[in-house]
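The residues making up each chain are set out below.
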Amino acid sequence: MSASDDPRRVHFQSPESLVEQLDAIADLFGTDRTDLLVEAIREYIEDTAHSNQFQELVAERYYDDELDFETVKRLVDPETAQRFRLLKADLDGEPYDLAAPEDTDIYDGDRRSVVPETVDESTDDA
């Protein structure tokens with residue numbers, strides 16, 4: 001378990017009726033309230049991270065320099081984060097001198113080299 005996965009105690013208030021429902025559901029599944037809350041949070045984050053609206057918001061804030069790249073990587077999948085980074089570099093007019101991500105294959109195994117065509121200037125069309 002990494003340091004970021006270590007349990008952390010949080011405290012929040014909730015309507016009593018929701019807590020009672022949550023406890024009843026936990027009893028049915030033979031688990032506890034915390035396990036259900038953690039699972040619900042995971043599912044919410046997963047659903048949110050893949051929604052177009054959320055990704056557009058992250059991109060907008062990143063392009064406006066309101067989020068740094070490390071935060072973007074925590075909010076969206078690595079491929080999307082890298083795409084945002086490339087687009088931001090393009091928008092900023094920076095050169096494309098970015099290292100490929102180590103945790104994802106952005107080419108999906110299909111890598112090809114492209115050799116530019118050379119133009120023979122010795123021939124005259126006239």
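Residues numbered from 1 in each chain as written. Predicted model: local features only at pLDDT ≥ 70, side-chain atom pairs only at ≥ 80, totals over all residues. Heavy atoms only, no water.

So, about helix H1 (residues 16-29). For an α-helix the count is 3.6 residues per turn, leaving residues at separations of three or four pointing the same way. When the terminal C-alpha atoms of H1 are compared, their 20 Å separation across 14 residues agrees well with the 20 Å that a helix rising 1.5 Å per residue should span. Of the residues trailing H1, Gly 30 is marked for its positive phi of about 70°. (Helix = DSSP H or I, 4+ residues; strand = E, 2+ residues; numbered from the N terminus. Expected span 1.5 Å × (residues − 1).)

On the surface, Ile 25, Leu 28 and Phe 29 cluster together into a nonpolar patch covering about 380 Å² of accessible area. Structurally, Leu 28 is set in helix H1. Judged by its relative accessible area of 74%, Leu 28 falls in the exposed class. (Patch = residues over 30% accessible without salt bridge, like charges linked within 9 Å, V, L, I, M, F, W, Y side chains within 5 Å. Areas by Shrake-Rupley, 256 points an atom, 1.4 Å probe, with all protein chains shown as cover. Salt bridge = Lys/Arg side-chain N within 4 Å of Asp/Glu carboxyl O. Buried < 20%, exposed > 50% of the residue type's maximum accessible area, 1.4 Å probe, protein only.)

Turning our eyes to something else, we now look at helix H5 (residues 78-92). Helix length check: H5 (15 residues) gives 21 Å between terminal C-alpha atoms against 21 Å at 1.5 Å per residue, within 8%. Next to the buried residues of H5 lie helix H3 (52-63) and helix H4 (69-75). The backbone nitrogen of Glu 79 has a side-chain oxygen 3.2 Å away, supplied by the residue at the start of H5, namely Asp 77. In the stretch just after H5, Gly 93 is the one whose phi turns positive, near 75°. (Contact = heavy atoms within 4.5 Å. Polar contact = N/O pair within 3.5 Å; in protein donor to acceptor, adjacent residues only side chain to side chain.)

This paragraph deals with the confidence of the model for the chain. As a general rule, the predicted coordinates of low-pLDDT regions are not to be interpreted in detail. Confidence in the prediction of the chain, expressed as mean pLDDT, is 85, and 78% of residues score 70 or more. Least confident of the elements in the chain is H5, whose mean pLDDT is 89; most confident is H1, at 96. (pLDDT = per-residue confidence, 0-100.)

The next subject is the environment of Leu 36. With respect to the secondary-structure elements, Leu 36 resides in helix H2 (residues 33-49). Separated by 14 residues in the primary sequence, Leu 36 and Leu 22 have C-alpha atoms spaced 7.7 Å apart. When sequence neighbours within four positions are dropped, the list of residues in contact with Leu 36 reads Leu 22, Ile 25, Ala 26 and Thr 31.

On to unusual backbone geometry, then. The backbone of Asp 65 sits at a positive phi, close to 60°, despite the residue not being glycine. Within the secondary structure, Asp 65 sits in the loop between H3 and H4. Residue Asp 65 is classed as exposed on the basis of its relative accessible area, which comes to 59%.

Time to look at the packing of aromatic side chains. On inspection of all chains with the given rule, the structure shows three aromatic pairs. Aromatic side chains Tyr 62 and Phe 69 sit 6.2 Å apart centroid to centroid with 45° between the ring planes, which places their arrangement in the tilted category. The exposure class of Tyr 62 is buried, given its relative accessible area of 6%. A relative accessible area of 14% means that Phe 69 is categorised as buried. The interplanar angle of 75° and the centroid separation of 6.2 Å between the aromatic rings of Tyr 63 and Phe 84 together place this pair among those described as edge-to-face. Here the residue Tyr 63 occupies a position in helix H3, and Phe 84 occupies one in helix H5, the gap between them amounting to 21 residues. Counting every residue linked through ring pairs, the aromatic cluster contains Tyr 62, Tyr 63, Phe 69 and Phe 84. One residue, Arg 85, lies across the ring of Phe 69, its end atom 4.5 Å from the ring centre. We note Lys 88 situated over the ring of Tyr 62; from NZ or CZ to the ring centre the distance is 5.5 Å. (Phe/Tyr/Trp six-rings, centres within 6.5 Å; stacked < 30°, edge-to-face > 60°. Lys NZ or Arg CZ within 6 Å of the ring centre and 35° of its normal.)

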